[in-house]
Structure formats: structure tokens, C-alpha cells
Amino acid sequence: MTVLIDDPIWPAHGRLWAHLVSDSSLDELHAFARRNALPQRSFDQDHYDVPEESLPRLIAAGAERVGGKELVRRLIASGLRVPARDRRG
């Protein structure tokens, strides 16, 4: 399993956010998130939203930093991607 994190370019709540995903298993993604004290509420169907200031800690814990396009490509390839049409409103 590889846990991937993209660049924090998504503004919300006065800060920038990145996405944390797995390229193989939601169970392993959740385990990584628990080990790194990410709140369950930050999970959004196929990824965790993480604030910019968490990146150094998550990368030190083993997350691989990739660009946004690479993150989406690998998430789709994993079969874990939830398409926009299937997301809750």
C-alpha cells in the first residue's frame, strides 16, 4: 500500500487543504489516519481532507507527496475513487 498526499491548494475555513488517499485499500488508509490522529470527520468517501500544516508530519509518517493529477490517476486506478455523480449532495 502507498498512502499519497497532494499539494495543499484547496482553500476552506481560512486555510489550505490537501487530500490523503490510498492506492489500494480504504482499511489501510483509515489505519494510517488513526495512527496519525486524523479525525474521522475529515474523511470524504475516498480521501481525507488534511490541513496544510499537517503535511510535514504525514510525509514523515510515510505518505508520498504527489501532484494532484497523479493522486487522482492513482486513486482511479485503485478502484477506490468515488465519482462526482455518486457523491452526496
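Here, the structure is the one placed above.
Peer 1: For this particular structure, what's the right way to read the overall build of the protein chain?
Peer 2: Along its length, the protein chain carries three helices and five strands. Element order for the protein chain, N to C, with α for helix and β for strand: β-β-β-α-β-α-β-α. In terms of overall dimensions, the protein chain is globule-like: its C-alpha atoms have a radius of gyration of 12 Å, near the 12 Å expected for 89 residues. Counting only C-alpha atoms and orienting by the principal axes, one finds that the protein chain spans roughly 30 × 30 × 25 Å. Burial statistics for the protein chain: of 89 residues in total, 40% are counted as buried. A total of about 5,300 Å² of accessible surface is found on the protein chain, and carbon and sulfur atoms cover 53% of it. Side chains of the protein chain carry 13 positive and 13 negative charges; the gap between the two charge centres is 2 Å.

Peer 1: Just checking my understanding: could you explain helix 1 (residues 26–35) for this structure?
Peer 2: What sets the pattern is the α-helix's 3.6 residues per turn: residues three or four places apart point alike. For helix 1, every residue scored as buried is listed here: L29, H30, A31, F32 and A33. Buried residues along helix 1 sit against strand 1 (3–5), strand 3 (15–22), strand 4 (48–51) and helix 2 (55–60).

Peer 1: What exactly am I supposed to notice about the packing of aromatic side chains here?
Peer 2: Applying the stated criterion across every chain, the model contains one aromatic pair. Considering the side-chain rings of F43 and Y48, the 5.1 Å spacing of their centres and the 55° angle between planes classify their relative orientation as tilted. Given a relative accessible area of 17%, F43 falls into the buried group.

Peer 1: Is there a simple way to think about the side chain of D46 in this case?
Peer 2: With respect to the element layout, D46 can be found in the loop between helix 1 and strand 4. Side chain to side chain, D46 and H47 meet in a polar contact 2.8 Å long. A polar side-chain atom of D46 sits 3.1 Å from a polar atom in the side chain of R81.

Conventions used here
Residues numbered from 1 in each chain as written. Predicted model: local features only at pLDDT ≥ 70, side-chain atom pairs only at ≥ 80, totals over all residues. Heavy atoms only, no water. Helix = DSSP H or I, 4+ residues; strand = E, 2+ residues; numbered from the N terminus. Rg over C-alpha atoms; globule rule 2.2 N^0.38 Å. Buried < 20%, exposed > 50% of the residue type's maximum accessible area, 1.4 Å probe, protein only. Areas by Shrake-Rupley, 256 points an atom, 1.4 Å probe, with all protein chains shown as cover. Lys, Arg positive; Asp, Glu negative; His and termini not counted. Charge placed at Lys NZ, Arg CZ, Asp CG, Glu CD. Contact = heavy atoms within 4.5 Å. Phe/Tyr/Trp six-rings, centres within 6.5 Å; stacked < 30°, edge-to-face > 60°. Polar contact = N/O pair within 3.5 Å; in protein donor to acceptor, adjacent residues only side chain to side chain.

The quantities given are spatial measurements derived from coordinates; they are silent on function.
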